[in-house]
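# Examination of the molecular architecture
Chain by chain, the residues:
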Amino acid sequence: MISENVKKILNEQINKEFYSAYLYLAMSAFFDNMGLYGFANWTKVQAREEVDHGMIIFDYLVDQNTNIELKQIDVPDTDFKSPMQVFEKILEHEKYVTSSIDAIAHLSLEECDLASLNFINWYLKEQIEEEKNTGDIITKLKLFGDEQASLYLINKELAKREYKKHEYS
Ligand code: FEO
């Protein structure tokens, strides 16, 4: 049976994942307005993955026959200035999400809720990938600079990202 405290923290994580989707959508709109459609695509695909992350936790809680407590989703801060600044915000945000996931794993262990510990393991791996992908883009932006020619090339690359439904495995 799922622990009460783990149930509570997982409910909070649903909110964080949907907030992440909102944040990425806001970023996508910013890039779209700049005419950086590849960057807009990348962040929009990420927004959809965040919805999947939220839904996977939702389904887990439903499968555990527990109640779902959906909370209000905050409005994201949209103080965006440049691709570099946005990707630095993304990295900062993903590190925050990683620390939330770490806290869930820690609490599950503390509460001897091994099913939830096993469940959250997938998210621990997912966060490594999310931080790596963001870090790689920051490296490219640093390497090639914020000039139009290099932005054009990075934009072209980010346009290739395709959404694939994130399945829990
Ligand atoms: Fe679902 Fe980007 O963490």
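Structure's up top.
Residues numbered from 1 in each chain as written. Predicted model: local features only at pLDDT ≥ 70, side-chain atom pairs only at ≥ 80, totals over all residues. Heavy atoms only, no water.

## Considerations on the overall build of the protein
When you go through the protein residue by residue, the secondary structure sums to five helices and zero strands. Ordered by position from N to C terminus, the α and β elements of the protein give α-α-α-α-α. A compact globule built from 169 residues would reach a C-alpha radius of gyration of about 15 Å, and the protein, at 17 Å, matches this within 12%. Taken along the three principal axes of its C-alpha coordinates, the protein extends 55 × 25 × 25 Å. Within the protein, the proportion of its 169 residues that are buried is 47%. For the protein, the share of sequence-separated contacts (at least 6 apart) that also reach a separation of at least 24 residues comes to 82%. (Helix = DSSP H or I, 4+ residues; strand = E, 2+ residues; numbered from the N terminus. Rg over C-alpha atoms; globule rule 2.2 N^0.38 Å. Buried < 20%, exposed > 50% of the residue type's maximum accessible area, 1.4 Å probe, protein only. Contact = heavy atoms within 4.5 Å.)

## Describing the pattern of salt bridges
Evaluation of the coordinates by the stated rule reveals seven salt bridges. Between Glu4 and Lys7 there is a salt bridge whose closest N-O contact spans 3.0 Å. Taken together, the residues Glu4 and Lys7, both in helix 1 (residues 4–34) and three residues apart, mark about one turn of the helix. Judged by its relative accessible area of 55%, Glu4 is exposed. Here Glu49 and Arg161 are joined by a salt bridge, their closest N and O atoms 3.3 Å apart. (Salt bridge = Lys/Arg side-chain N within 4 Å of Asp/Glu carboxyl O.)

## Section: unusual backbone geometry
The residue Asn65 is not glycine, and still its phi comes out positive at about 60°. By the element assignment, Asn65 lies in the loop between helix 2 (37–63) and helix 3 (83–110). Not every positive phi belongs to a glycine, and Cys112 is a case in point at roughly 60°. Within the secondary structure, Cys112 is located in the loop between helix 3 and helix 4 (114–144). Looking at Cys112, the relative accessible area reads 61%, which means it is exposed.

## Let's talk about the nonpolar core
In a soluble, globular protein the nonpolar side chains are often hidden away together inside. Counting 23 residues, the largest nonpolar core has Phe31, Phe39, Phe87 and Leu141 as the members making the most contacts within it. Of all the secondary-structure elements, those providing two or more residues to this core are helix 1, helix 2, helix 3, helix 4 and helix 5 (148–158). Ranked by the residues each element gives to this core, the list is headed by helix 1, at six residues. With near-sequence residues (within four places) excluded, Phe39 lies in contact with Phe31, Pro83, Phe87, Leu141, Leu151, Ile154, Asn155 and Leu158. Counting 18 residues, the second-largest nonpolar core is a separate cluster that includes Leu10, Ile56, Ala105 and Ile120. (Core = buried A, V, L, I, M, F, W, Y, C linked by side-chain atoms within 4.5 Å.)

## Observations concerning the side chain of Asn155
Mapped onto the secondary structure, Asn155 falls in helix 5. Of the polar contacts made by the side chain of Asn155, one reaches the backbone nitrogen of Phe39; its length is 3.0 Å. Aside from chain neighbours lying at most four places away, what touches Asn155 is Leu36, Tyr37, Gly38 and Phe39. (Polar contact = N/O pair within 3.5 Å; in protein donor to acceptor, adjacent residues only side chain to side chain.)

## A word on helix 4
For helix 4, spanning 31 residues, the distance from its first C-alpha to its last is 46 Å, which sits close to the expected 45 Å at 1.5 Å a residue. Of all the bends found along helix 4, the most pronounced is centred on Ile120 and spans about 25°. What helix 4 keeps buried is the set Ser116, Phe119, Ile120, Trp122, Tyr123, Glu126, Gln127, Glu130, Thr134, Ile137, Ile138 and Leu141. Here the buried face of helix 4 lies against helix 1, helix 2, helix 3 and helix 5. Just past helix 4, the residue Gly145 takes up positive phi, approximately 85°. (Expected span 1.5 Å × (residues − 1). Bend = angle between axes of the 7 residues up to and from the residue.)

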